[in-house]
Amino acid sequence: MDFKKIYKKIGFPRLIISAFLIVLLIAAAMLDIPLSGIWKDIFTRFGMNAILVLAMVPSIQSGIGINFNLPLGVIFGLIGALISIELGLTGWTSFFVALAIAIPLAVVAGYLYGLMLNKVKGQEMTVGNYVGYSIVSFMCIFWLVAPFRNPELTWAMGGSGLRVTLSLESSMAGLLDKSLNPEWLPEWLKIIPIGLILFFALLAGIVWIFSKSKRGTAMKVAGSSEAFATSNGVNVDRQRLLGIVLSTVLAAIGIIVYSQSFGFLQLYNSPLYVALPAAASILIGGATLQKAKIIHVVIGTFLFQGLLVVALPVINILSEGSMAEIIRIIISNGIILYALTRKAGDAA
């Protein structure tokens, strides 16, 4: 057995994170923390976050790199959900109407954002960061003056503007989590939110099929080598536009799925905290700044979310305090720093 090849294939970040996760699971068992609850939380958080991580795949494949402006798509996903609630819709109608509103808005926003990125080639991730902060700051003003009248959305006692946190209990909370989980299922299967996982699998399958199509192949060629793509008649700018539009649409869908599972919509500065965990997850999974696959999304999201879920109870018991947030910051920013500073040709 060639341990060097195995080590090179797994990669240093995944090896360390996997080992740390195993140690934490063993510690949880020794501390008598119910493992069934931990695994249920891991699968739920995986389903909640996986689509937001999936949104990174088209942007990386098209040559733009990590989409640090994920908040752009998130904001239009939030707008779709808000309009759905404002109309008084409930259940699956509320969920699908939110998607139907958010997706076209995300397409337009992604297209305009892509036009701007084509003007700043080589600086996409830096520009994306600043644009993300600018959009979120502008929307903080919009949330205060938005013409919503539903009392579930606005401040109480006749106040104007939208609340910071909005409950989805009466509209779409837990729809995917509770679907396809009948009572007759064995107990070990009930810890898996089947509807939530299958919805991610559906989107991941669509992205995978697209990546194998003629258009998807052209997009990946444009992202891997602009000169080669141009010499073969591929319009690089058009493929970059396609990549960022797909990324923005997936972000809009992802935040709706995340919110229905979480049970709340979070406005104002909350969209700012979406991009870094998603970027850290896909990088942990083995993606680079030039290459990303669906398997990287699955592995990275599972490891990243699993580590956070297990670390919360274990480290709090061992340290008699709250260190889970510190661990999260160290992992997410450390992995991003590792990815951004290593050479382009290095293995993941």
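Preceding block: the structure.
Peer 1: Help me get a handle on unusual backbone geometry, residues and values and all.
Peer 2: Even without a glycine there, the phi angle at D32 is positive, about 60°. Summarising the element assignment, D32 is placed in the loop between α2 (12-30) and α3 (35-54). The class for D32 is exposed, based on a relative accessible area of 67%. Within the chain, Y268 stands out as a residue other than glycine whose phi angle is a positive 60°.

Peer 1: I'd like to hear about a nonpolar patch on the surface, residue by residue, with values.
Peer 2: Among the surface-exposed residues, I141, L144, V145, W155 and V164 lie close enough to one another that they form a single nonpolar patch of about 480 Å² accessible area. W155 sits in the partly exposed class, given a relative accessible area of 39%.

Peer 1: How would you sum up helix α14 (residues 275-284)? Please name residues and give values.
Peer 2: With respect to burial, α14 is a largely interior element, 9 of its 10 residues being buried. Along α14, the residues classified as buried are A275, P277, A278, A279, A280, S281, I282, L283 and I284. G286 sits one or two positions beyond α14 and adopts a positive phi of about 115°.

Peer 1: Now, about the pattern of salt bridges: what can you tell me, with residues and values included?
Peer 2: Under the defined criterion, the tally for this structure stands at 3 salt bridges. Here D237 and K121 are joined by a salt bridge, their closest N and O atoms 2.6 Å apart. Placement of D237 in helix α13 (residues 236-262) and of K121 in the loop between α6 (91-117) and α7 (124-145) is noted, with a sequence separation of 116 residues between them. On the accessibility criterion, D237 (31% relative accessible area) is partly exposed. For K121, a relative accessible area of 35% gives the class partly exposed. Linking R240 and E124 is a salt bridge whose minimum nitrogen-to-oxygen distance equals 2.7 Å. Placement of the pair is R240 in helix α13 and E124 in helix α7, with a sequence separation of 116 residues. Across the pair, E124 and R240 agree in class, each one buried.

Peer 1: Any details on the environment of L166? Residues and values, ideally.
Peer 2: Along the chain, L166 falls in strand β1 (residues 165-167). For L166, a relative accessible area of 1% gives the class buried. Residues L166 and S259 lie 93 residues apart in sequence; the distance between their C-alpha atoms is 9.8 Å. Setting aside its immediate chain neighbours within four residues, L166 contacts L82, E152, L153, G263, F264, L265 and L267.

Peer 1: Lay out the nonpolar core with the relevant residues and their values.
Peer 2: Grouped burial of nonpolar side chains is what soluble globular proteins tend to show. By size, the foremost hydrophobic cluster in this structure holds 77 residues, and its most contacted members are L54, L82, F95, W143, L162, F199 and I282. Beyond its immediate chain neighbours, meaning those up to four positions away, F199 contacts I51, F95, L99, L176, I253 and V257. Judged by nonpolar contacts, the second largest core, of 20 residues, contains I42, I284, F304 and I315.

The rules behind each value
- Residues numbered from 1 in each chain as written.
- Predicted model: local features only at pLDDT ≥ 70, side-chain atom pairs only at ≥ 80, totals over all residues.
- Heavy atoms only, no water.
- Helix = DSSP H or I, 4+ residues; strand = E, 2+ residues; numbered from the N terminus.
- Buried < 20%, exposed > 50% of the residue type's maximum accessible area, 1.4 Å probe, protein only.
- Patch = residues over 30% accessible without salt bridge, like charges linked within 9 Å, V, L, I, M, F, W, Y side chains within 5 Å.
- Areas by Shrake-Rupley, 256 points an atom, 1.4 Å probe, with all protein chains shown as cover.
- Salt bridge = Lys/Arg side-chain N within 4 Å of Asp/Glu carboxyl O.
- Contact = heavy atoms within 4.5 Å.
- Core = buried A, V, L, I, M, F, W, Y, C linked by side-chain atoms within 4.5 Å.

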